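# What the coordinates show
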Amino acid sequence: MRNTTSVRQQQPVNMAGVGFRRWAQALSKGKGSGISALLSGSRAASSASKDSLPGPYPKTPEERAAAAKKYNMRVEDYEPLPDNGEGYGDYPKLPDRSQHERDPWYQWDHPDLRRNWGEPIHWHFDMYIRNRVDTSPSPVSWSTMCKQLFGFIGFMLFMFYVGEKCPSYQPVAPKQYPFNNLYLERGGDPEKEPEDVKNYEI
Amino acid sequence: MGAHLVRRYVTETETEPDPAKKFEFDPQFGFENRKEREMIATQEQMNLAQLPIEQRDYCAHYLLKLMKCKRDNWPNFLACKHERHDWDYCEHQDYVMRMKEYERERRLQLRKKRIEAQAEAA
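The text that follows walks through the structure, step by step, so that each part is easy to find. (Residues numbered from 1 in each chain as written. Chains lettered and ligands numbered in written order. Predicted model: local features only at pLDDT ≥ 70, side-chain atom pairs only at ≥ 80, totals over all residues. Heavy atoms only, no water.)

## Things to note about the overall build of chain B
Cut-off, in case you're wondering: Secondary structure is summarised from DSSP: a helix means a run of H or I of at least four residues, a strand means a run of E of at least two, and numbering begins at the N terminus for each. Three labels apply to residues, based on accessible area from a 1.4 Å probe with only protein chains included: buried if under 20% of the type maximum, exposed if over 50%, partly exposed otherwise in between. The contact criterion used is simple: two residues touch if any of their non-hydrogen atoms lie within 4.5 Å. Surface accessibility in these figures is a Shrake-Rupley result with a 1.4 Å probe; residues are shielded only by whichever protein chains are displayed.
Across its full length, chain B carries 4 helices and 0 strands. What you see in chain B, going N to C, is helices and strands ordered as α-α-α-α. The 122 residues of chain B split such that 31% are buried. Sequence separation of at least 24 residues holds for 51% of the intrachain contacts in chain B that already meet a minimum separation of 6. Entry remark: accessible area of chain B is about 8,800 Å², with carbon and sulfur atoms responsible for 54%.

Okay, here's the thing in structure tokens:
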């Protein structure tokens, strides 16, 4: 229905009507899907079209180039995950390094994730966040750590064994107690005769 | 400090006495008339005082005196110095006697070994 905007006259314009008309035009032309298109008249950033989702494993060099472009990677860097039936498709193989290993001082777009916008995401990115698995190198090599730990434990066990075999004691005779070595106090039978224990001065 | 351990495990393994084992020499051997140790506190007294077994030794009478003094003078915890000293000295003498017993055993073992060595050499 024709509205006041098409008429060039000095008449007051109904702005609400203008907005409504523009909305209706955008809706009829719009390429969006579903509710988001209905409400905003444009695509939501979260819905992806077919060409930005992962696809089948790339076989030709052209497919590889296209896949690299899709994932924002250089063609030299792009290496798809192996096509072994696990369903990776053309998803890139990124180094298995966690976010702990990334520079803490660089100004990342997402500082907590240490990642920039548009960077390709590792298949197991949720495992490699800074709260979870850490692949950063240990201060000493694995073999050194093993040697030190087991060396220490072995040494301690050996010393405990030596302490059992050759105990340390004071060079004194056992303490002497009266009443036949406290026979009754230690729960001896009052009916039976205890073994006679005599203690002498020295 | 520890010379006896070196003797026991390294140099004189046969003669150094082991306190865990019973000493083998007759207590009267080498003494003319050895006096027996005298126990002054009675079993009934120790039972009434509820002394733990480790404290029912030959110094128990001093301990009983100390306990009585402490109970009489509470809350003055500084009061029983004399009684405490008496008990401590008695325990010290007991420990010295233990050391002497060990040394006696050791020397008798060495003597035995010397005699055996002489008998073999002859």
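That covers the picture; the talk isn't over yet.
## A word on a nonpolar patch on the surface
All names here are of chain A. For clarity, the threshold we go by: Patch membership requires over 30% relative accessible area and the absence of a salt bridge. Like charges are linked within 9 Å, and nonpolar side chains (Val, Leu, Ile, Met, Phe, Trp, Tyr) within 5 Å. Salt bridges are defined as contacts in which a side-chain nitrogen from Lys or Arg sits within 4 Å of a carboxyl oxygen from Asp or Glu.
On the surface, Leu149, Phe150, Phe152, Ile153, Phe155, Met156, Leu157, Phe158, Met159, Phe160, Tyr161 and Val162 cluster together into a nonpolar patch covering about 1,200 Å² of accessible area. Counting through the fold element by element, leucine 157 comes out in helix α4 (residues 142–165). A relative accessible area of 55% places leucine 157 in the exposed class.

## A few points about helix α4 (residues 81–121) of chain B
In an α-helix there are 3.6 residues to a turn, and that puts residues three or four apart on one side. To keep things clear, this is the line we draw: What a helix should span is 1.5 Å times the count of its residues minus one.
With 41 residues, α4 of chain B should reach 60 Å at 1.5 Å per residue; the first-to-last C-alpha distance of 59 Å fits that figure. Tucked inside the fold, the buried residues of α4 of chain B contact α1 (3–11) and α3 (60–73) of chain B.

## So, the state of the cysteines
Working definition of a disulfide: a covalent bond connecting the sulfur atoms of two cysteines. Residue and element names in this part refer to chain B. What counts is decided by this rule: To count as a disulfide, a pair of cysteine sulfur atoms needs to be within 2.5 Å.
All told, the structure shown has 2 disulfides over all chains when counted by the stated rule. One disulfide bridge connects cysteine 59 with cysteine 90, the sulfur atoms lying 2.0 Å from each other. One quick way to see it: the torsion about the S-S bond of cysteine 59 and cysteine 90 is about -85°, and its sign makes the bridge left-handed. Of this pair, cysteine 59 sits in the loop between α2 (43–49) and α3 while cysteine 90 sits in helix α4, placing them 31 residues apart in sequence. Neither residue differs from the other here; cysteine 59 and cysteine 90 are each classed as buried. With its sulfur 2.0 Å from that of its partner, cysteine 69 forms a disulfide with cysteine 80. Handedness here is read from the sign of the S-S torsion; for cysteine 69 and cysteine 80, about -100°, the answer is left-handed. Highlighted residues: cysteine 69 in helix α3 and cysteine 80 in the loop between α3 and α4, separated in sequence by 11 residues. As far as the burial class goes, cysteine 69 and cysteine 80 line up, both buried. Here the disulfide map of chain B reads 1-4, 2-3, the bonded cysteines being numbered as they appear in the sequence.

## What to know about the interface of chain A and chain B
To be explicit about the condition: Simply put, the buried area is the total loss of 1.4 Å probe accessible area from both parts when two parts are fitted together. Contacts described as polar in this section are N or O atom pairs within 3.5 Å, which, within protein, must combine one atom able to donate a hydrogen with one able to accept it, while residues neighboring in sequence count only if both atoms come from side chains. Amino acid classes used here: Ala, Val, Leu, Ile, Met, Phe, Trp, Tyr, Cys and Pro are nonpolar; Asp, Glu, Lys and Arg are charged; the rest, including Gly, are polar.
Counting residues at the interface gives 23 residues for chain A, matched by 35 residues for chain B. Together, the buried faces of chain A and chain B total about 3,000 Å²; carbon and sulfur atoms form 60% of this surface. Ranking the residues of chain A by area buried against chain B places Tyr169, Tyr200 and Ile202 of chain A at the top, with a combined share of 27%. Where chain A meets chain B, there are 18 residue pairs in polar contact (both at pLDDT 80 or more). Class assignment of the residues belonging to the side of chain A that touches chain B gives a composition of 14 nonpolar, 4 polar and 5 charged.

## Digging into the packing of aromatic side chains
Our working rule: When the centres of two rings from Phe, Tyr and Trp lie within 6.5 Å, Trp using its six-membered ring, the rings pair. Their planes under 30 degrees apart give stacked, over 60 give edge-to-face, and anything left gives tilted. We call a charge positioned over a ring when the NZ of a Lys or the CZ of an Arg lies within 6 Å of the ring centre and within 35 degrees of the ring normal.
Tallied over the entire structure, the rule returns 5 aromatic pairs over all chains. Ring geometry for tyrosine 91 of chain A against tryptophan 123 of chain A: centres 5.2 Å apart, planes inclined by 80°, an arrangement best described as edge-to-face. Taken together, the residues span a long stretch of sequence, with tyrosine 91 of chain A in the loop between α3 (61–70) and α4 and tryptophan 123 of chain A in the loop between α3 and α4 at a distance of 32 residues. Relative to tryptophan 108 of chain A, the ring of tyrosine 106 of chain A lies with its centre 4.8 Å away and its plane at 75°, an arrangement referred to as edge-to-face. Members of the aromatic cluster, connected to one another through ring pairs, are Tyr71, Tyr78, Tyr88, Tyr91 and Trp123 of chain A. Across from the ring centre of tyrosine 177 of chain A, 5.4 Å away, lies the NZ or CZ of arginine 186 of chain A, which sits over that ring. Over the aromatic face of phenylalanine 31 of chain B sits the side chain of arginine 34 of chain B, whose NZ or CZ is 4.4 Å from the ring centroid.

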